[in-house]
Every structure is written in structure tokens, then in C-alpha cells.
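Chain by chain, the residues:
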Amino acid sequence: MTFPQFVYRNVVRNKRTYSAYFLSSAFSVMIFFIYALFIFHPDIKKGVTSGIAVQLMTTAEVIMYVFSFLFVLYSVSTFLKSRKREFGILMMHGMTRSQLNRMVFLENMIIGMGAIVFGMGAGMITGKLFLMIGSKMIGIPPLPFYLSEKALLLTVGAFLILFFSISLFTTILVRVNKLIDLFQAGEKPKKEPKVSVFLSLLSAILLIASYYLAATATLLTLMIRMLPVIGMTIIGTYFFYTQLSVWITKMLQKNRLLFWKKTNLITIASLAYRLKDNARMFFMVTIVSTVAFCAVGTLASMNVMNKQLDVEYPAEISYIAKDDQTVHQQNLQQIQAELKEKKIEYITNEAPIKYVAVAASTDAYAPEKLLVVSFSDYKKISQAAGFEFNEKPLVGNEILEMRTSSFSNLEQITYTLKQDHIKLRQDDATENVVFPIQLIFDQGIVVSDELFGRLSPVNTEIFTGFYTKELEQTAGLATNLVTDGLVYFSDNKPYKMTVSGTLYEKQMGMYKMMLFVALLIGAVFFIAAGSFLYFRLYADLDYDRRQYLTITKVGLTDQELNKIVTQQLALLFFVPIVVAFVHSAFAFMALQSLYELSIAKEMVIVLASFFIAQFIYFYFIRYRYLRNLKKSLI
């Protein structure tokens, strides 16, 4: 038998240990290859949002490649630690240090090349399906399957470099100690885990502080707090696993009623050792899972942003005429004709807008003129848009700040008008949006009907709103009047206009495209997190066999063995996931500050989906682990 044949058979014999690493690597290759098929597809440039799609997928490629590098490096280092006894046997039979390094290098390359072939094969088989789903989300016609040479070369070249670099680097990680140390690597008694009370308290303080800052974040403080909260959460999580969790376990051991109850003695006694030994793995799984949950959850929350579009655009089509040119009547007639052609039922509403000159203002940015709408017109617009209206009419010089989005950063501002030096003080804001923010140049206010009639404007505009319950059907209307559904106040045209159906279609296309990219990356991260758990579990299998074999000799029943193993595996699988859930929940609380509407439903769906996937994976691994464990106990 030649040396390469020996290496190949060595990999095949350890296929159970390598299976999760191989499949996770192959899955990463498959997703990378599918993204490459999108990026280099000749028909991708035909879509309106195709440029952004290519940029997003290119970014995803880079993120996934960097993550794959770290994932493979960690996986290989874990395997090397669990094979010290095997290395000892080979060294005892005359294997040299250079031959050992060569063996490790070739093993990694065999697995890597196998993962590349398998991953690209799976990508070719499923590529058509992903192209269909992706093209629908991007908003372009279905893409035919096209096997790009560039996609092939990029995937093969990138992952060959990755596996070659890792394989070369792992030869440095191989530490050949004394043979006796290699043989006793898995049999040496573990040292009593030490814990620092100071670091345990520091972990609790950092996590509680980061949770508080995230839960109390506002729209103004979110960006300022983001980096400190992320830093405190990462440091706090690391010390939670290495210190605080071990300290909590030691406290449980002192509770005799709990510790001496049935099989808790075995479960809790080994828990401190497992937590200390697996601290880094738990930390990595928690952080990777949190990133996956937050990435998917953030984009899932964008569905709420689309719902806010109804709130922020009271009229499905808003048209503001800046002057009295005849072209405005022609434009409005065209809009009406297109609505009738599409058989869309609608109502219209008109309201005058006055711009009054401002002499002084307590605001840091003092506007030269102020947009003014009467209270009765504000009420008509709100009711036509379907909003509930419970606001009391304004009297005298009372005013309301004009809300232009779901958020209102109310400031108490006093305006002094040039007309008779009238002083207006705003103490509150409107409950509903009056006009889309894109159509307003300066601050706007709502005043009483009596005051509106007395004001002498610098200039006057006429707002016309078209209201319909069929928002999506207005997409593509009046394309000759708007650009992507908008004509801004700054555009050199005699009118301002928005078509919310077109804006909704564009926003939904962007949302679906980003969600498609995030789901695939999230899947890679989540599967990798599961692989970390699998590696650690089978790395300790020989130790667990000896432990349970000893306990079985003193009367441990099969049912009690199942209970102990299930409890320990549940801790191994669900502790990092539960911590990641808690991290994600507070991250979503901070994210909520970006929305007026609740994102709780979307977040529950995301977390529940990940939990169900983890639960299925847990039972699958539990079944295989118990089967392998019991075989050695017979």
C-alpha cells in the first residue's frame, strides 16, 4: 500500500468524524457557486435592480469566503486535538515528523477537493431552482440555467487556495509530544475547573449593561450605542462561558437537594468540566448564531417597513402643482385615465398649501418660509387615506407640527412671521402624515381654519391626492411624469409627485433580494454552528464511552443512560442557542426603534424557525450518538 493510498483509507475510515465538516464545507461551496452563477449570468444585467443585486451577492461571496476560512481552520484544529492517540500509534510504528505533516496535509486536501466537487455538483443540480427563485425576487424574467466558466474558475480557484492554505497551515499546528503524552491525551484526569469571581461578575455586568442599552435605544441613540453594545456583548459572552457559567454550576453543586437527586449527580458533576472544555466552542456558536439570527431578522423586519409605506404615503398618488400652468390639468387627466384603464376605483381630494414668510425662529435652522395647511384640509386628507381621526380642532394661533414620517422628533419651536409679527408656537405634532417627506421643502405646520384664512402667502400650491385600496396596482402609472415613482421638490419641474405603488414595488424588490441573500448566508452560518457542536461531541466520544461504561458497571439502567445523555446533549446544543436568542431579542428591541409599527411578529417567526431547525438537528444527532455509545457498552 502506497502512502497516498494509506492517507485515502485513513480518511474513509474516519468518515463519521469528518462527515459534518465535509458536508458543511460542501454546502459553503454550493452557495458560493450559486452566487457566482448569478453574478456572471449574461442576462442578469437586464433587471432594474440587477446592479445592486450583483453588489449584494459579491459582498455575500466575500463574507462567506472569510467565514469559510475561519470555519475550516477551527474544524481542522479540533480534529488534530482529538487524534493525538492515533498520532502516537503512527509515531510508535516509525512515522517521521515530516511524514505526519504530509499525511495531515494530504487528508485535508482530499476532503477539500471532495467538498469542492460535491458542492459544485449540488450547485449545478439545484442551480436552476435558485436562479428561478432569485430572478423572481430580484424582479427580472426567469433566468435560464447558464454554466459560466468564470463561475467555475472562481469557485474552484477560491476554495483550492482556501483548502491549500489551511492544509499548509495545519502542519504547523501538529505538535508531536512524547509518545506517552500522546497515548494518554484522552485518559489524563481533567483538572478541577477554576473560576474567577471578578470575571464572573464582570460578565454579568457587561451583559446586563449591553441589554439595557439595547432595550432603551432610540432612533437618535441607536447608531451611537451600536458599537459599544456589540463590544460589551462579545466580551461578556466569552466570560459567561469561561467563568460565569462554571461559577453557576459550582453553586448548583452546593445545593444538596438538587445535586443528589437521582441522576443529577452525574449530569451536574460533569457539567462544569463540559462548560470549561467547550467554552470557546460555545462562544463561537453563540456569536455565529446571533449573527445569523440578526441578519435574517433584520431583513425580515423590512416587511414592516413596507407596511409603513401606507402610513407615510397617505395618497396612493400625490400631485402638487407649484403654479397655475395648464400642464397640471393635462397631467391630472392622464392619471385619471390610467386609473380608469386599469379599472382601479379611487377618490380624489384637493387642498391648498400656503407658504408664509418667516421673520425669526427659535430653531437652529431658521426657514425663510413655512408650509401651512388648514386643520380642515388636514382632516380631509387623513379621512380620505383611511386613518382614524380623533384630534380636536385647532383654535386661534394653535398649531401642530406636520408629521412627514412614522417618526416625529418633536421640538418646541416658536416662529415669528413677517406678517404682523404673528408668533406661532408648536407644542405637539399631527397624528397622521399629511404629505410624503419627498414633497416638502421646509418645515410644515397645521393651523386653525381661521388663522389659515388670515395668512398672506408668499406663494400657493395645490395638492391633489388619489386614494385607492389597490396600492400595488398603481405600480407603473404615469411613468412619463415620474422617475421610479418620484418627482422631488428639488427637480426642475412645475410639479411634485409620488406614486406609492411604484415605490412599493421597488422597495419590495430590494427587500426580497436582500432577504434571499441573507437567508443563504444565514443557512451557511447556522449549519456551520451545528457542525461546531458535532465536532465537539464526537471529539469527546471516547472519553464519554469510558465514563458511561464505568457507571454502567455499578447499576446504571438503559433508561437512566438515555436521560443523562439527553440532558447533557440538550445543554450542549441549546445553551449557546438560547444565549444567542437572548442576544438577538435585545438586538431586535434596539431595531424596533427604527419602526413605528411592531416587528414582534416577524422576529418571533425568525427565532421560532431557527429553534425548530435546531430541535430537529438535536434529535437526529442524539439518535446517532446514543446508537454509537451503546454499541461500545455491549
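For the structure, see preceding data.
Being a predicted model, the structure only gives us computed values, none of them experimental.

## What about the packing of helix H8 (residues 197-215) against helix H18 (residues 558-592)?
- Where H8 contacts H18, the two axes come as close as 7 Å, and the packing angle between them is 30°. Taken together, the axes of H8 and H18 are roughly parallel relative to one another. Here Leu207, Tyr211, Ala214 and Ala215 of H8 come into contact with H18, specifically with Val582, His583, Phe586, Met589 and Ala590.

## Considering the pairing of strand E8 (residues 459-467)
- As paired elements, strand E1 (residues 317-321) and E8 share five bridges and run antiparallel to each other. Paired with Ala321 across the two strands is Ile462, which belongs to E8.
- Two elements, strand E2 (residues 347-361) and E8, share nine bridges in a ladder whose sense is antiparallel. Bridging across to E8, Ile347 finds its partner in Tyr467.

## Overview of the packing of aromatic side chains
- This model, assessed by the stated rule, comprises 28 aromatic pairs.
- On the numbers, 5.2 Å between centres and 90° between planes, the contact of Phe32 with Phe159 is edge-to-face. Note that Phe32 is positioned in helix H2 (residues 15-39) and Phe159 in helix H6 (residues 149-173), a separation of 127 residues in sequence.
- Judged by its relative accessible area of 4%, Phe32 is buried.
- Centre to centre, the rings of Phe293 and Phe581 are 5.1 Å apart; their planes meet at 50°, and the pair counts as tilted. Taken together, the residues Phe293 in helix H12 (residues 279-312) and Phe581 in helix H18 connect sequence positions 288 residues apart.
- Taking the relative accessible area as the measure of exposure, Phe293 reaches 0% and is therefore buried.
- Taken together through their ring pairs, the aromatic side chains of Phe293, Phe573, Phe574, Phe581, Phe610, Phe611, Phe615, Tyr617, Phe618 and Tyr619 make up a single cluster.
- Across the ring face of Phe452, the terminal group of Lys354 is positioned such that the distance to the ring centre comes to 4.4 Å.

## Looking at the nonpolar core
- Among the nonpolar cores identified, the biggest contains 74 residues, and Tyr21, Tyr35, Val72, Phe159, Phe163, Met281 and Leu572 are the most heavily contacted of them.
- No other element matches the 14 residues that H2 contributes to this core.
- Formed by 21 residues, the second largest nonpolar core is a distinct cluster that contains Ala351, Leu394, Phe435 and Phe463.

## Some remarks on the pattern of salt bridges
- For the structure on display, the rule yields three salt bridges.
- One salt bridge connects Lys496 with Glu461, and the closest N-O pair in it is separated by 3.1 Å. A residue pair is termed long-range when its members are at least 10 positions apart, and Lys496 in strand E10 (residues 495-499) and Glu461 in strand E8 qualify at 35 residues. For the pair Lys496 and Glu461, a shared accessibility class is recorded, and that class is buried.

## Some details on helix H13 (residues 327-341)
- Between its first and last C-alpha, H13 extends 21 Å over 15 residues, near the 21 Å set by a 1.5 Å rise per residue.
- When we look at burial in H13, the residues that qualify are His328, Asn331, Leu332, Ile335, Glu338 and Leu339. The buried residues of H13 occupy an angular sector of 125° when the element is viewed end-on, so they sit on one face. Away from its buried face by more than 90 degrees, H13 exposes Gln330, Lys340 and Glu341.
- The secondary structure elements touched by the buried residues of H13 are E1, E8 and E10.

## Here we look at the pairing of E1
- With respect to burial, E1 is a largely interior element, five of its five residues being buried.
- Here E1 shows no split at all, with Ile317, Tyr319 and Ala321 on one side and Ser318 and Ile320 on the other all buried.
- Bridge count for E1 against E10 is five bridges, and the pairing is antiparallel. For Ile317, the partnering residue across the bridge sits in E10 and is Val499.

## Let's talk about the side chain of Thr416
- Position of Thr416 relative to the elements: it lies in strand E5 (residues 413-417).
- A relative accessible area of 11% places Thr416 in the buried class.
- Ignoring sequence-local partners within four residues, the contact set of Thr416 consists of Val358, Ala359, Ala360, His421, Ile422 and Lys423.

## Observations concerning a nonpolar patch on the surface
- Nonpolar side chains collect at one region of the surface, where Val197, Leu201, Ile205, Trp247, Ile248 and Met251 lie side by side and expose about 530 Å² of accessible area between them.
- Counting only elements with at least two residues in the nonpolar patch, the list comes to H8 and helix H9 (222-253).
- The topology assignment puts Met251 in helix H9.
- Overall, Met251 belongs to the partly exposed group, its relative accessible area being 34%.

## Concerning the environment of Phe466
- Residue placement: Phe466 occurs in strand E8.
- Spatially, the C-alpha atom of Phe466 lies 8.4 Å from that of Tyr319, the residues being 147 residues apart in sequence.
- In this structure, Phe466 is in contact with Ala315, Glu316, Ile317, Leu332, Ile335, Gln336, Leu339, Tyr346, Ile347 and Thr348, ignoring residues within four places of it in sequence.

About the thresholds
Residues numbered from 1 in each chain as written. Predicted model: local features only at pLDDT ≥ 70, side-chain atom pairs only at ≥ 80, totals over all residues. Heavy atoms only, no water. Axes fitted to C-alpha atoms, helices over the stretch in contact; angles between N-to-C directions. Helix = DSSP H or I, 4+ residues; strand = E, 2+ residues; numbered from the N terminus. Parallel < 35°, antiparallel > 145°, perpendicular 65-115°, else oblique. Contact = heavy atoms within 4.5 Å. Pairing = 2+ DSSP bridges. Phe/Tyr/Trp six-rings, centres within 6.5 Å; stacked < 30°, edge-to-face > 60°. Buried < 20%, exposed > 50% of the residue type's maximum accessible area, 1.4 Å probe, protein only. Lys NZ or Arg CZ within 6 Å of the ring centre and 35° of its normal. Core = buried A, V, L, I, M, F, W, Y, C linked by side-chain atoms within 4.5 Å. Salt bridge = Lys/Arg side-chain N within 4 Å of Asp/Glu carboxyl O. Expected span 1.5 Å × (residues − 1). Arc of directions from axis to C-beta. Patch = residues over 30% accessible without salt bridge, like charges linked within 9 Å, V, L, I, M, F, W, Y side chains within 5 Å. Areas by Shrake-Rupley, 256 points an atom, 1.4 Å probe, with all protein chains shown as cover.

Spatial relationships are all this shows, so hold off on functional conclusions.
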